[in-house]
Amino acid sequence: MANFNYFNTLNLREKLAQLGCCELMDRSEFADGCNFLKGKKIVIIGCGAQGLNQGLNLRDSGLDVSYALRQSAIDEKRASFKRATENGFKVGTYEQLIPTADLVINLTPDKQHEAVVNAVQPLMKSGACLGYSHGFNMIELGMQVRKDLAVVMVAPKSPGTEVREEYKRGFGVPTLIAVHPENDPNGDAWAYAKAWAAGTGGHRAGCLRSSFVAEVKSDLMGEQTILCGVLQAATILCYDHAVALGADKAYACKLLQFGWETICEALKQGGITNMMDRLSNPAKIKAFKLAEELKGLMKNLYLKHMDDIESGEFSRVMMEDWANDDKNLLTWREHFAKSAFENAPECDTKINEQEYFDKGTLLVAFVKAGIELAFETMTQSGIYPESAYYESLHELPLIANTIARRRLYEMNVVISDTAEYGNYLFANAVIPMLKDFMAKQKLDVFTETLAGDNCVDNVELIKVNDAIRNHPIEIVGRKLRAYMSDMKEISVGNR
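Residues numbered from 1 in each chain as written. Predicted model: local features only at pLDDT ≥ 70, side-chain atom pairs only at ≥ 80, totals over all residues. Heavy atoms only, no water.

Colleague: I'm lost on the environment of H305 in this one. Help?
Modeller: Relative to the assigned elements, H305 resides in helix α15 (residues 281-311). Measuring from C-alpha to C-alpha, the distance between H305 and M221 comes to 6.9 Å, with 84 residues separating the pair along the chain. Beyond its immediate stretch of four places on either side in the chain, H305 contacts M221, Q224, G422, L425 and F426. (Helix = DSSP H or I, 4+ residues; strand = E, 2+ residues; numbered from the N terminus. Contact = heavy atoms within 4.5 Å.)

Written out as structure tokens, the structure is:
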């Protein structure tokens, strides 16, 4: 049954221990790749963005993958059935596939987890393993699983579409893996988790030995703030303000739609330092000052989101919306779909890579402020720096990639309903909060370049560079990026 918040049942010592569970795993731990799962049956429940793309990666890694769907989904040939069958996977009902499965991976939306796990548990054979890619059900709802079943988590730090794209590039996405402390009856849970992570390609980018608690609390915080909420709010704010000042609608839209991806791509290789170094010296100083102002304005909102996530208040309110047929979520989704940015005309003007930086000083400031605040807030709340890095900086380029495809619509489609709900919750609060800040901005920080002779004060530039390069996220980032030396760049170029 699932009727309590697991995190809130722990004492302070246990809470801190599970929040601080974070260790970058050595490559040697994945020497056997996914061999442990070869010859075993993997059954995935749910064929959405994560379900399909993880399944494709696992199959390409030589594993036996099939999909268990409800009878009604099969009979009515719903989207999940079509996705699975059109990609050549075996599809069957729970009753047909679950009893012989060695690893059952639950990749359905969070709101369906309780019903799905309750339906699946009685069908699983003793000693099998139940897998999650997000621990919401186990932590926020306190799901209790049969003690003869292992329970593991493999949580790629990106939308499902990017899990597939990074795998196809010969790499992967950083992944948190964990074993639920109450479910490892045969001592093989870690073997399941490591092999599953290797099958998706996650081991090539780096895996963190984590906990269900650390993953849930950090994941909820990252997606609500920088990963989705800041991108959502900043896009609306920048577009509306620029157009009000006379900027061309189509050009402003293109600068945002592809600007986030181009600017955030610089983060992957060299963190905030590299992103800021792409600016001219005057623009760097301007972006630094804007970011500091934004951090001051948004700090209390970040703290509120972190507090509500750790106390369970966020989950309680969101689950009330689930019970109310997603009234708030659907209302917010409709509202943002009607934004001027989403409905702006297409732009035929070519924009080269450097132009996105030169005319996107304000975008860079939003990225810097959003990432650093997320990192600072998480680490001050007991989450370890490595985990906070992945949940703030590293995943951001992968989210930004989705906006480049079909604007904010695409981002909101591929993220989970939980991420989408939290994203809107944050954006709805921060947009009015930043009204006065935006009113002071001119087009020279978005859609145009800063005027001047490119001269700066040496002492001021040295201080700004030191502050950027010595922020704690840059220190841990250099260590983690060293592990990801085989990371593949995406081509942004001229658009």
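Colleague: Hey, could you run me through the UniProt feature "binding site: Mg(2+) 1" (unreviewed entry) in the protein chain in this one?
Modeller: Following the UniProt record, one finds the feature "binding site: Mg(2+) 1" (unreviewed entry) at D219 and E223. Checked against the element boundaries, D219 lands in helix α12 (residues 212-244). Not counting residues within four places of it along the chain, the set of residues in contact with D219 comprises H134, K157 and E391. Note on placement: E223 falls in helix α12. (UniProt positions renumbered as here; feature names shortened; annotations may be inferred.)

Colleague: Could you clarify how one ought to interpret the sheet that holds strand β3 (residues 64-68) in this entry?
Modeller: Each strand in a sheet pairs with its neighbour through backbone hydrogen bonds, running either in the same direction (parallel) or in the opposite one (antiparallel). Taken in spatial order, the 9 strands of this open sheet run β1-β9-β8-β7-β6-β5-β2-β3-β4, and their pairing is mixed. With partners counted over all chains shown, the strands left at the sheet margins are β1 (23-24) and β4 (90-92), one partner each. Of the strand pairs in this sheet, strand β5 (residues 103-106) and strand β6 (residues 129-132) are connected by 4 bridges, and their pairing is parallel. When the sheet's bridge partners are listed, L103 is paired in β6 with C129. Here α12 sits on the sheet in contact with β6, β7 (150-156) and β8 (175-179), set at roughly 35° to β7. (Pairing = 2+ DSSP bridges. Axes fitted to C-alpha atoms, helices over the stretch in contact; angles between N-to-C directions.)

Colleague: Teacher, can you tell me more about the packing of aromatic side chains here?
Modeller: By convention here, two paired aromatic rings are described through the distance between centres and the angle between planes. Taken as a whole, this structure holds 11 aromatic pairs when the rule is applied. Ring centres of Y239 and F341 lie 6.0 Å apart, and the angle between their planes is 70°; on these two criteria the pair is classed as edge-to-face. Residue Y239 is located in helix α12, and its partner F341 is located in the loop between α17 (327-337) and α18 (353-358); the two are separated by 102 residues in the primary sequence. Residues Y239 and F341 agree in their burial class; the two are buried. A network of ring pairs unites the aromatic residues F314, W332 and Y421 as a single cluster. The ring of F7 carries K15 above its face, with NZ or CZ at 5.1 Å from the centroid. (Phe/Tyr/Trp six-rings, centres within 6.5 Å; stacked < 30°, edge-to-face > 60°. Buried < 20%, exposed > 50% of the residue type's maximum accessible area, 1.4 Å probe, protein only. Lys NZ or Arg CZ within 6 Å of the ring centre and 35° of its normal.)

Colleague: I would appreciate a short explanation of the packing of α15 against helix α19 (residues 361-380) in the present structure.
Modeller: Any two packed helices are characterised by the angle at which their axes cross and by the distance between the axes. Their axes nearest at 7 Å, the elements α15 and α19 cross at an angle of 40°. On the basis of the axis angle, α15 is oblique to α19. Handedness of the α15/α19 crossing: right-handed. Residue classes in the contact of α15 with α19 are distributed as 18 nonpolar, 3 polar and 7 charged. (Parallel < 35°, antiparallel > 145°, perpendicular 65-115°, else oblique. Left-handed = near helix turned anticlockwise from the far one by under 90°. Nonpolar A, V, L, I, M, F, W, Y, C, P; charged D, E, K, R; others polar.)

Colleague: Is there a simple way to explain helix α9 (residues 160-168) in this structure?
Modeller: For an α-helix, the turn length of 3.6 residues means that residues three or four places apart are oriented alike. Along α9, the residues that are buried comprise G160, E162, V163, R164, E166 and Y167. Taken from the residues just after α9, G170 is the one with a positive phi, measuring 90°.

Colleague: Can you help me understand helix α3 (residues 49-60) in this one?
Modeller: Helix length check: α3 (12 residues) gives 17 Å between terminal C-alpha atoms against 16 Å at 1.5 Å per residue, within 8%. A large share of α3 lies buried, amounting to 9 of its 12 residues. Remark: G62 follows α3 within two positions and exhibits a positive phi of approximately 95°. (Expected span 1.5 Å × (residues − 1).)

Colleague: For this particular structure, what's the right way to read the pairing of β6?
Modeller: In summary, the side chains of a regular strand alternate between the two faces of the sheet. The side-chain alternation of β6 yields two buried faces, one formed by C129 and G131 and the other by L130 and Y132. As judged from the 4 bridges shared by β6 and β7, these two strands associate in the parallel manner. Bridging from a neighbouring strand, C129 pairs with A150 of β7.

Colleague: Before we go on, may I ask you to explain the nonpolar core in this structure?
Modeller: With 137 residues, the main nonpolar core has W260, M275 and F366 as its most contacted residues. The greatest single-element share of this core, amounting to 17 residues, is contributed by α12. Each residue touching M275, except ones within four places of it in the same chain, is listed here: I263, A266, L267, F357, V364, V367 and K368. Counting 32 residues, the second largest nonpolar core, distinct from the first, contains C47, I105, C129 and A193. (Core = buried A, V, L, I, M, F, W, Y, C linked by side-chain atoms within 4.5 Å.)

Colleague: What exactly am I supposed to notice about the side chain of S61 here?
Modeller: On the secondary structure map, S61 appears in the loop between α3 and β3. Since its relative accessible area comes to 17%, S61 is described here as buried. Of the polar contacts made by the side chain of S61, one reaches the backbone oxygen of G199; its length is 2.8 Å. (Polar contact = N/O pair within 3.5 Å; in protein donor to acceptor, adjacent residues only side chain to side chain.)

Colleague: Would you mind showing me how to read the pattern of salt bridges here?
Modeller: Oppositely charged side chains are able to pair whenever their charged atoms sit close together. Considering all chains together, one arrives at 39 salt bridges under this definition. E140 is the partner of K217 in a salt bridge, and the nearest nitrogen-oxygen pair spans 2.7 Å. Linking K217 in helix α12 with E140 in the loop between α8 (136-139) and β7, this pair joins segments that are 77 residues apart in sequence. Under the relative-accessibility criterion, E140 is labelled buried at 3%. The network of salt bridges with common partners includes K111, D326, R333, D417 and E420. (Salt bridge = Lys/Arg side-chain N within 4 Å of Asp/Glu carboxyl O.)

Colleague: Even after reading the chapter, I still don't get the packing of α3 against helix α10 (residues 189-200), so can you show me in this structure?
Modeller: At a minimum axis separation of 7 Å, α3 and α10 run at an interaxial angle of 95°. It follows that α3 is roughly perpendicular to α10 by the angle criterion. Where α3 approaches α10, its residues Q54, N57 and L58 are matched on the opposing element by W196, G199 and T200. Taken together, the residues of the contact of α3 with α10 sort by class into 2 nonpolar, 4 polar and no charged.

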